[in-house]
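Observations on chain architecture
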Amino acid sequence: MLQITGDARYADVLELALYNSVLSGISLDGDRFCYANPLSVSDKYPYTLRWAGGRIPYISLSNCCPPNVVRTIAETANYAYGISDKGVWVHLYGANQLHTHLKNGAALQLSQVTNYPWDGNVKLTVQAAGPEAFTVFLRIPGWSRQATLLVNGKPAGVTVTPGQYAALHRSWKAGDVISLQLPMPVTLMESNPLVEETRNQVAVKRGPIVYCLEGANLPKGANLFDIVMPDKAALQPVPMQIDHNNMMGLTGIVRLRSDTGWQNTLYREATVNDTKPLKVTFIPYYAWGNRGHSDMAVWVPKYFQYFGGQIQSQ
C-alpha cells in the first residue's frame, strides 16, 4: 500500500509494528522468543494462561515464528527507502548508507546519521548524485509536531506536515546536507472507549516507541498492578541499558495504591485517595522480559481522586 499510494500513514504503521511488535518477539540477545505479544503479564492469575509470558529458546507450538521474526528484521533495510519516477523516498530513519540508482539510471549515494529512535535529529548527506534534478521525499511521522527541515543549514522552504512526506526538489550535488529535526515529546495514549479492556487506561509513547512498566524496575514490595497514572507524571527520557543494549527509558512520578491484599476476593468496596507517590522508570516495550520473569503492563489505569464528592483526574 505504501508503494502504491505514497501515503505516509502506511509507513507510520510499518514503523510502529517493527519497533513494538516485531522486535518484542525476540530477546535482546537474539536466542529467545515470545509466541505472543502480551500487553500485560502477571504471575498472580489463579489459572494457567495459554501463553504465560516470558521468553523461551524454542517454541513447540510453531517452528515458523522465530525464523520469520529474524527474517523480517533482516529485511528492514528493504523498507527504509523507496524509488519512484520523481526521486527517492525516505520511509524509515536510522543510521545507514544508501547506494542505489534512480529510475533514470543515475547513481545516488546518501549517508544518514542519527540516533533515532532515541532522538529526532536526522542528518542526510548526499555523497553522489546525477546532474538532473530530483525530489527527496522525507516522511514526517504523524506523531511529530513542529518538525523543522533545513538544507545546507538554511530553511528548506517547503511545507512540513505531520503524517505526510516533505518534498525537496532540486539539483543535488555531493556534500549537500539535509537536516531534519523531529521533536519527541512523551505522550499518553488512550483507546476508543468501545475497547472495554483498556477503558480509562493510558499507554506511554515517545516517538515511535511504546513503553511499559516491568516489575524488575520497581522497588521491593511494590505491586505493578497497584500503579495508577496521573495526567502530570512529567516523564523524562533517561539513557539506560538492558542486557548491554543502549536505549532510552522514561522516568517520572506515578501513584501507588495501598495493597491490603485481595486474598482471592472477587469484589470489595473501593477506596479513594489511598495512594502515595512512586518514582518509576518505563522501558521500551520491545525490551521487556530480558531480565528474568516479572510482571509487565503497557496499559496503566488513570489516577482519579475525589474532590468535594466529585471525581477528577489528576
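Residues numbered from 1 in each chain as written. Predicted model: local features only at pLDDT ≥ 70, side-chain atom pairs only at ≥ 80, totals over all residues. Heavy atoms only, no water.

Some words on the overall build of the protein chain
For the protein chain, the helix and strand inventory stands at 4 helices and 22 strands. With the C-alpha coordinates aligned to their principal axes, the bounding extent of the protein chain is approximately 75 × 55 × 35 Å. The burial tally for the protein chain puts 44% of its 314 residues in the buried class. In the protein chain, 64% of the contacts between residues at least 6 apart in sequence involve partners at least 24 apart. (Helix = DSSP H or I, 4+ residues; strand = E, 2+ residues; numbered from the N terminus. Buried < 20%, exposed > 50% of the residue type's maximum accessible area, 1.4 Å probe, protein only. Contact = heavy atoms within 4.5 Å.)

Some words on the nonpolar core
Ranked by internal contacts, the top residues of the largest apolar core, which has 74 residues, are L138, I227 and F282. Those residues in contact with I227 that lie beyond four places of it in its chain are L213, L218, V254, R255, L256, L278, V280, V300 and P301. (Core = buried A, V, L, I, M, F, W, Y, C linked by side-chain atoms within 4.5 Å.)

A few points about the packing of aromatic side chains
Within the structure shown, the criterion is met by 4 aromatic pairs. Taken together, a centroid distance of 3.8 Å and an interplanar angle of 10° make the contact between W89 and F137 stacked. Of this pair, W89 sits in strand β3 (residues 87-90) while F137 sits in strand β7 (residues 134-140), and the two are 48 residues apart along the sequence. Geometrically, the ring pair formed by Y93 and Y116 is edge-to-face, given 5.7 Å between the ring centres and 65° between the ring planes. (Phe/Tyr/Trp six-rings, centres within 6.5 Å; stacked < 30°, edge-to-face > 60°.)

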